[in-house]
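# A structural walkthrough
Okay, here's what each chain looks like letter by letter:
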Amino acid sequence: MEELKIGLVGTGAIGRTHIERINNTLQGAKVVGCADANVDFCKSVAEKYAIKAWESGEEMIASDEIDAVVVTTLDPFHEQYVMAAIKAGKYVFCEKPLAPEADACKRIVEAEMAAGKQLVQVGFMRRYDPGYNQLKKAIDSGKYGLPLMLHCVHRNYDAPGFTTSMPVENSMIHEIDVLRWLLGENYKTAEVVFPKTTRNAEGELRDPQIMYLTTESGVRIDVESFVNCRYGYDVRCEVVCEEGCLNLPEPANAMIRTNDSRVTPICHDWSERFPEAYNIEFQSWINACKEGRVDGPSAWDGYTAQVTAKAASKARDTQSVVEIKYDAMPDFYKK
Ligand code: ISE
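As the structure is a prediction and not an experimental result, all values here were calculated from the model.

Relative to the helices and strands, D36 resides in the loop between β2 (29-35) and α2 (39-49). Despite being buried, D36 has no salt bridge partner; R16 is the closest side chain of opposite charge, sitting 7.4 Å away. A distance of 2.7 Å separates a polar side-chain atom of D36 from the backbone nitrogen of T11. At 2.8 Å, the side chain of D36 and the backbone nitrogen of N38 are in polar contact. Not counting residues up to four positions away in its chain, the partners in contact with D36 are G10, T11, G12, C42 and W54.

Printed below as a string of structure tokens:
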């Protein structure tokens, strides 16, 4: 296959950045068509990028003009387009979360197994971030002994429209996935506690929140989410091992001396913090599609992330420690 022809469903902000990334920066693929529930807006996007606008996502996915699919719609619509891609036997990249409910993720897993071939990749891009990869390499080397505790921070400048469930289900879902990948094991329990709420939180939102997870082997993790921190975008991860402590590197920025102070700027949001991770993620997905395989976060990873997030949500709502129970991983997903 010369160039992978991609159809993208959902032309919102992240969908448009993916079109630009694939068509202008990456190799071996082009987004050739798009669809969106807002047909007029979709047409304006298609015109801007000189691609075809489709009135129906399903028709685009089934068409011979498309080899593979990217789903960047609102979360509740992920399932229907991922299912359409599985039905058409096409590789599909779905932004996180795979679906808002664990049952929907399970339906996708079952459909993919029934199709007999892995086709789905979930957009957990932190697995491609060079910094998290350095942590993984250091952990896997065994040089520092076993990981015992992880201290993580995930702060956003602001988060308009956020409700109390979103810090877990929309923000910390990234930690839920990337830390499970980092440690190579599932979680056992979840708990979420509320510190004092910032006066910058909208409406009933509880912000910040701290999520505690334990893994099957007993590693203890704390993740602070503060979605209205009002100073920038700040993602930290410290892995305390038996004989060493590993810290996620921050993007390097020049330190400036000005106004009687030393200032080192930090990123404002996730799009500034993780562009490299997105580029590596999409280039790997394109290459894998062309080679006829999926090598990134699978539908099973999407399912386990959602089961974990739902347990953490239950823990938050009931202010108790909740045990996390996954179905057994089918052989189909074992590497
Ligand atoms: C957003 O959806 C993301 O995926 C960002 O990475 C995260 O930092 C932010 O909190 C989420 O709302």
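Note on interface size: it is often stated as the accessible area lost on association of the parts. Split into domains, the protein comes out as domain 1 (4-123 + 276-298) and domain 2 (127-268 + 305-323). A straight line from the C-alpha centre of domain 1 to that of domain 2 covers 27 Å. Taken together, the contact pairs 17 residues of domain 1 with ten residues of domain 2. Regarding the contact of domain 1 and domain 2, the summed buried area is about 1,100 Å², with carbon and sulfur atoms giving 62% of it. Per-residue buried area on domain 1 facing domain 2 is highest for K96, A102 and P297; these three make up 40% of the total on that side. In this assembly, domain 1 and domain 2 are joined by one salt bridge. Put simply, K310 and E101 hold a salt bridge, and the shortest N to O gap is 3.5 Å.

Right, let's talk about the site of the ligand for a bit. Taken together, K96, H154, N156, F162, N170, S171, H174, Y233 and W270 make up all the residues around the ligand. With respect to the ligand, the side chain of N170 contributes an N or O atom lying 2.5 Å from an oxygen atom. Contacts to the ligand include S171, whose side-chain N or O atom sits 2.6 Å from an oxygen atom. Assessed atom by atom at 2 Å from the grid points, the ligand resides in the largest pocket. Classifying every residue of the shell around the ligand gives three nonpolar, five polar and one charged.

Before going further, it helps to spend a moment on the state of the cysteines. For the structure on display, the rule yields zero disulfides. No disulfide involves C237; its sulfur sits 3.9 Å from that of C152, the nearest cysteine. When its relative accessible area of 2% is taken as the criterion, C237 is described as buried. C289 carries a free sulfur, and the closest cysteine sulfur to it, the one in C94, is 14 Å from it. By relative accessible area, C289 is classed as buried at 5%.

Between helix α1 (residues 13-25) and α2, the shortest axis-to-axis distance is 12 Å and the interhelical angle comes to 20 degrees. Taken together, the axis directions place α1 and α2 in an arrangement best described as roughly parallel. Where α1 crosses over α2, the two elements pack in a sense that is right-handed. Residues R16, I19 and E20 of α1 lie in contact with α2, whose contacting residues are F41, V45, K48 and Y49. Residue composition of the contact of α1 with α2, grouped by class: four nonpolar, no polar and three charged.

A word on the sheet that holds strand β1 (residues 4-9). Strand order in the open sheet formed by six strands is β3-β2-β1-β4-β5-β6, and the pairing between neighbours is parallel. The two strands at the open ends of the sheet, each matched to only one other strand, are β3 (52-54) and β6 (120-123). The mean inter-strand angle of the sheet, taken between neighbouring strand axes irrespective of direction, is 25 degrees. Along the sheet, α1 contacts β1, β2 and β5 (91-95); its crossing angle with β2, the most-contacted strand, is approximately 150 degrees.

Thresholds, definitions, all that
Residues numbered from 1 in each chain as written. Predicted model: local features only at pLDDT ≥ 70, side-chain atom pairs only at ≥ 80, totals over all residues. Heavy atoms only, no water. Helix = DSSP H or I, 4+ residues; strand = E, 2+ residues; numbered from the N terminus. Buried < 20%, exposed > 50% of the residue type's maximum accessible area, 1.4 Å probe, protein only. Lys, Arg positive; Asp, Glu negative; His and termini not counted. Salt bridge = Lys/Arg side-chain N within 4 Å of Asp/Glu carboxyl O. Polar contact = N/O pair within 3.5 Å; in protein donor to acceptor, adjacent residues only side chain to side chain. Contact = heavy atoms within 4.5 Å. Domains from an automatic or database assignment. Buried area = accessible area lost by both parts, 1.4 Å probe. Near = heavy atom within 4 Å. 1 Å grid on protein atoms, 1.4 Å probe; cavity = no way out; pocket = protein on both sides within 12 Å on 5 of 7 lines; lining within 4 Å. Sits in = over half its atoms within 2 Å of the grid points. Nonpolar A, V, L, I, M, F, W, Y, C, P; charged D, E, K, R; others polar. Disulfide = S-S within 2.5 Å. Axes fitted to C-alpha atoms, helices over the stretch in contact; angles between N-to-C directions. Parallel < 35°, antiparallel > 145°, perpendicular 65-115°, else oblique. Left-handed = near helix turned anticlockwise from the far one by under 90°. Pairing = 2+ DSSP bridges.

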